[in-house]
Amino acid sequence: MPLSDQPFAFAPLHVSLRDNAKVLDAAEDAQVDPCVIVGMLAMLWMHTAANYPRGDPPPMSAAAFAGICRSSDRSLASRVLKALRGRFIEPDGSIHDWQDVYGSAIEKRDRN
């Protein structure tokens, strides 16, 4: 089903994300502002919700991550993806704590 036809699912971005230690560390490692990390995380989470509702996308390349984030800068995408691994992305490609944070929103969407 095309994304535009999918039911809405609330994917919370908690206000504390902007000051989250993992976000700040990832930004430092990737040599970007924290807003870049939060924005790319949001794009990744939206892509995951739409295509991998169990939070288990396959491991991805920097080029694939750049496409998901709609970034033309593959160097930036590569640095950010590397910084997210081990913090927000598990070694198998799954999203860290997906079920705890987004699982209930996806289940609610699927029930409606």
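Refer to the preceding data block for the structure.
Keep in mind the model is a prediction, meaning the values are calculated, not measured.

Enquirer: Tell me about the overall build of the protein, and name the residues and values.
Expert: Helix and strand counts for the protein come out as 5 helices and 0 strands. Ordering the α and β elements of the protein from the N terminus gives α-α-α-α-α. Split into buried and exposed, the 112 residues of the protein put 37% on the buried side. In the protein, the proportion of contacts linking residues at least 24 apart, taken out of those at least 6 apart, comes to 66%. Carbon and sulfur atoms form 53% of the exposed surface of the protein, whose accessible area is close to 6800 Å².

Enquirer: Provide a residue-level description of helix 1 (residues 21-30), including the pertinent values.
Expert: Listed in full, the buried residues belonging to helix 1 are Val23, Ala26, Ala27 and Ala30. Down the axis, helix 1 shows its buried residues gathered within 100 degrees of arc, on one side only. Projecting away from the buried face of helix 1 at angles above 90 degrees are the exposed residues Ala21, Glu28 and Asp29. Between the side-chain oxygen at the start of helix 1 and the backbone nitrogen of lysine 22 there is a gap of 2.7 Å, and the oxygen is on asparagine 20. Two residues or fewer after helix 1 comes glutamine 31, characterised by a positive phi angle close to 55 degrees.

Enquirer: Account for the pattern of salt bridges, naming residues and giving values.
Expert: For the structure shown, the criterion picks out 3 salt bridges. Residues aspartate 29 and arginine 87 are paired through a salt bridge, measuring 2.6 Å at the closest nitrogen-oxygen approach. Of the two residues, aspartate 29 is situated in helix 1 and arginine 87 in the loop between helix 4 (74-84) and helix 5 (98-111); the sequence distance between them amounts to 58 residues.

Enquirer: Could you give an account of the packing of helix 1 against helix 2 (residues 34-51), with specific residues and numbers?
Expert: Following both chains from N to C, one finds helix 1 and helix 2 inclined at 110 degrees, their axes separated by 8 Å at the closest point. Comparing their axes, helix 2 and helix 1 come out roughly perpendicular. On helix 2, the residues that touch Val23, Leu24, Ala26, Ala27 and Ala30 of helix 1 are Pro34, Ile37, Val38 and Leu41. Classifying every residue of the contact of helix 1 with helix 2 by side-chain character gives 9 nonpolar, no polar and no charged.

About the cut-offs
- Residues numbered from 1 in each chain as written.
- Predicted model: local features only at pLDDT ≥ 70, side-chain atom pairs only at ≥ 80, totals over all residues.
- Heavy atoms only, no water.
- Helix = DSSP H or I, 4+ residues; strand = E, 2+ residues; numbered from the N terminus.
- Buried < 20%, exposed > 50% of the residue type's maximum accessible area, 1.4 Å probe, protein only.
- Contact = heavy atoms within 4.5 Å.
- Areas by Shrake-Rupley, 256 points an atom, 1.4 Å probe, with all protein chains shown as cover.
- Arc of directions from axis to C-beta.
- Polar contact = N/O pair within 3.5 Å; in protein donor to acceptor, adjacent residues only side chain to side chain.
- Salt bridge = Lys/Arg side-chain N within 4 Å of Asp/Glu carboxyl O.
- Axes fitted to C-alpha atoms, helices over the stretch in contact; angles between N-to-C directions.
- Parallel < 35°, antiparallel > 145°, perpendicular 65-115°, else oblique.
- Nonpolar A, V, L, I, M, F, W, Y, C, P; charged D, E, K, R; others polar.

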